[in-house]
Amino acid sequence: MAAITQRPKGTQDVVPNEVYKWHTVEQVASETASQFGFKEIRIPTFEDTGLFVRSVGDTTDVVQKEMYTVSATGDSTFTLRPEGTAGTIRALIENGVLNEGFPQKVFYILSCFRHEKPQAGRLREFHQFGCEMVGAANARADADVISLAKSVLDRLGLKGIELNINSIGCPKCRAEYHKALKAYFEQYKDRLCETCQERLEKNPMRILDCKSAEDKEIAENAPVILDYLCDECSEHFEQLKNNLKLMNIEYEINPRIVRGLDYYTRTVFEFITTDIGAQGTVCGGGRYDGLIEQLGGKPTPALGFGMGLERLILTMQNQGCDFMNPEKCNVYIASMGEKGEYKAIELVKKLREEGFFAEYDLVGRGLKAQMKYADKIGAGFVVVLGDNEIETGTAKLKNMKTGEQIDINLDDSFVQLFSDVYFADMMTDETIQSMMSEFSLGEV
RNA sequence: GUGGGUAUAGCGUAGUUGGUUAACGCGUCAGUUUGUGGCACUGAAGACCGUGGGUUCGAAUCCCACUAUCCACCCCA
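Model, not experiment: these values are computed from the prediction.

**Re the nonpolar core**
Formed by 52 residues in total, the largest nonpolar core has its most connected members in I89, L92 and F185. Of all the elements, helix α6 (residues 171-186) adds the most residues to this core, at five residues. In contact with L92, not counting residues within four places along its chain, are I41, V97, L98, V106 and V134. Counting residues in each nonpolar core, the second largest holds 43 residues, with V28, L148, L240 and M316 among its members.

**Examining unusual backbone geometry**
The amide bond that connects F102 to the next residue, P103, takes the cis arrangement and shows omega of -5 degrees. With respect to the element layout, P103 can be found in the loop between α4 (85-94) and β5 (104-113). Despite not being glycine, N248 has its phi angle at roughly 60 degrees, a positive value. Within the secondary structure layout, N248 lies in the loop between α9 (231-246) and β8 (252-253). On the accessibility criterion, N248 (70% relative accessible area) is exposed. Unusually for a residue other than glycine, R266 sits at a positive phi of about 50 degrees. Judged by its relative accessible area of 18%, R266 falls in the buried class.

**Considerations on the sheet that holds strand β2 (residues 46-48)**
Taken in spatial order, the three strands line up as β2-β4-β3 in an open sheet, and their pairing is antiparallel. This sheet does not close on itself; its edge strands, each paired only once, are β2 and β3 (69-71). Between one strand and the next, the sheet's axes are offset by a mean angle of 35 degrees, whatever the strand orientation. Sheet topology note: the β3/strand β4 (residues 77-80) ladder contains three bridges and is antiparallel. Paired with V70 across the bridge in β4 is F78.

**Regarding the sheet that holds strand β1 (residues 39-40)**
Taken in spatial order, the eight strands make up an open sheet running β1-β5-β6-β11-β10-β9-β7-β8, and their pairing is mixed. The open sheet terminates on both sides in strands that have one partner only, identified here as β1 and β8. Strand direction decides the pairing type here: strand β10 (residues 281-287) and strand β11 (residues 302-308), joined by five bridges, are antiparallel. In the sheet register, G284 faces β11, and the bridge partner there is G306.

**Description of the pairing of strand β12 (residues 331-335)**
For β12, the tally of buried residues reaches five of five residues, placing the bulk of the element in the interior. Across the two faces of β12 the burial is the same, with V331, I333 and S335 and Y332 and A334 all buried. Inspection of the sheet shows β12 paired to strand β13 (residues 358-360) by three bridges, in the parallel sense. Within the sheet, the bridge partner assigned to I333 lies in β13 and is Y360. Bridge count between β12 and strand β14 (residues 381-385): five bridges; the pairing is parallel. Counted as the bridge partner of V331 is F381 from β14.

**What to know about the packing of aromatic side chains**
Using the criterion set out here, one finds 17 aromatic pairs in the structure. Ring plane angle 80 degrees and centroid distance 5.4 Å describe the contact between F356 and Y422, whose orientation is recorded as edge-to-face. A residue pair is termed long-range when its members are at least 10 positions apart, and F356 in the loop between α12 (337-353) and β13 and Y422 in helix α15 (residues 414-443) qualify at 66 residues. An identical accessibility class is assigned to F356 and Y422; each is buried. Three or more aromatic residues link up through ring pairs in this structure, and these residues are F356, F381, F418, Y422 and F423. One cation-aromatic arrangement involves K21 over F323; the distance from NZ or CZ to the ring centre is 5.8 Å. Directly above the aromatic system of Y373 lies the positively charged group of R365, at a separation of 4.3 Å from the ring centroid.

**Structural notes on the pattern of salt bridges**
For the structure on display, the rule yields 16 salt bridges. When the shortest N-O distance is used, the salt bridge between E176 and K179 registers 3.8 Å. One end of the pair, E176, and the other, K179, are both in helix α6, three residues apart, so they sit about a helical turn from each other. The salt bridge involving E238 is made with K241; its shortest N-O contact spans 3.0 Å. Of this pair, E238 and K241 are both found in helix α9, three residues apart, which corresponds to roughly one turn of the helix. Its relative accessible area of 41% is what places E238 among the partly exposed residues. When its relative accessible area of 14% is taken as the criterion, K241 is described as buried. It is possible to trace a salt-bridge network through shared partners that takes in E47, R90 and E94.

**Quick word on the protein's contact with RNA strand B**
By nearness alone, 46 residues border RNA strand B, and R199, R206, R259, G260 and N388 come closest of all. Per the 4 Å cut-off to the protein, sugar and phosphate atoms form 55% of the nearby atoms of RNA strand B. The separation between a base oxygen of RNA strand B and a polar side-chain atom of K117 is 2.8 Å. Interatomic distance of 2.8 Å between a side-chain N/O atom of D375 and a base nitrogen of RNA strand B. Counting residues per element, the ones that place at least two in the surface near RNA strand B are β6 (125-134), β10, β11, α13 (367-376) and α14 (387-392). Take the surface near RNA strand B: its biggest share by element is seven residues, from α13. Along the lines of polarity and charge, the residues of the surface near RNA strand B split into 13 nonpolar, 13 polar and 20 charged.

How each quantity is defined
- Residues numbered from 1 in each chain as written.
- Chains lettered and ligands numbered in written order.
- Predicted model: local features only at pLDDT ≥ 70, side-chain atom pairs only at ≥ 80, totals over all residues.
- Heavy atoms only, no water.
- Core = buried A, V, L, I, M, F, W, Y, C linked by side-chain atoms within 4.5 Å.
- Buried < 20%, exposed > 50% of the residue type's maximum accessible area, 1.4 Å probe, protein only.
- Helix = DSSP H or I, 4+ residues; strand = E, 2+ residues; numbered from the N terminus.
- Contact = heavy atoms within 4.5 Å.
- Pairing = 2+ DSSP bridges.
- Axes fitted to C-alpha atoms, helices over the stretch in contact; angles between N-to-C directions.
- Phe/Tyr/Trp six-rings, centres within 6.5 Å; stacked < 30°, edge-to-face > 60°.
- Lys NZ or Arg CZ within 6 Å of the ring centre and 35° of its normal.
- Salt bridge = Lys/Arg side-chain N within 4 Å of Asp/Glu carboxyl O.
- Near = heavy atom within 4 Å.
- Polar contact = N/O pair within 3.5 Å; in protein donor to acceptor, adjacent residues only side chain to side chain.
- Nonpolar A, V, L, I, M, F, W, Y, C, P; charged D, E, K, R; others polar.

And the structure:
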């Protein structure tokens, strides 16, 4: 009935008390990327439909049945981005960024849209943190990008996330492999499940990933792509493995991971967790050396990855990871009576001008209720202003943690006095705590 | 697109042989005498029991449909 207060299927609201989780992930991700030399790029939410058809691939599920395509005027159609790579590469080409030297390294945090049936870790509007590196053909670049993804996951405090890598070769060796694979599965065609019989024609590589017990058994002896790589691709994969070892990054070679977007070549990888249900891929990416040329640019090697922010946050919650603490109110100015209220307005204005997080009563609460409220919002200090204080020009500054009160002048020196007390308190609090924790770390 | 589960106040739940004013916890608000929070106590507000139909003297409780949501397949972040 009241459909107007109902969010569209597969979308999510982030309520005020939950945003800090998002801030945590966004901050860690962008800081880490910056540290690796990636700059942020911002691109439109929708693109010409053709861009996704050509890059993601016209036979993929994403393009065939999951795109939100709209036509505003009738003569051209636009599509809400189902992923970030296509638009990013388009922007880099269009703005001539690729003429500014290599490698170009960019990252983004944006929303993506796919018309799927929602379930745990799968939404119609979801958010991705993604990185793209353009112009580096060397396998060092692959390892570097993987290492960036790994750092983000580590810094978020995530545990037990497995890195799976594979190479799906270049178009040349993949053609060979497809032939071999198809020939192999043809023998067992009757025993394969229904979807896999379809896959046999459409995309035989997907059969390798089937969950059906019988198909799994059959797939076990199927040819492995790694045996069909050409010399160059094979060498590239060897170097990648070597580089990962140098970086102490553990990985599993998983010949069954096959990315579902057509633009991938050679290296593909996934970071997988078992903590959030069936949709456990928390990060997926790989190399796409052919994409830029395909979009009309000069042939240029490139690679990247995307991370699902919702999945990251889900995993963090399930693993009990720490999030950044939301900022707390520094000082609450409580007041009683008109004079006190006026003074509160004045003082809060000044405190805020000096950068403090200051609040006062806006809804007409009694003194006791104001104290409760101050406590609830986690105010560090409270000042109470009544007729007495206004008359004498001094008030009590109460430390809400210790309960101790000291006198404070209400004249022009107020903000400076508060500032002194505030920073002195912070020192005893945080500095000492962090020093203590360093100590104990040193002793262990 | 295919399958299964669930739908009771802002949130989490109880309410199962159908029977008068639907209960509890958290949260919100107000109080516990004189101008100071966290604890405790008291009280208040807040639910047409997802929607529509049916069975019945009577349904949150039984039946049907619809819708929403969750989980899984598929696909992927």
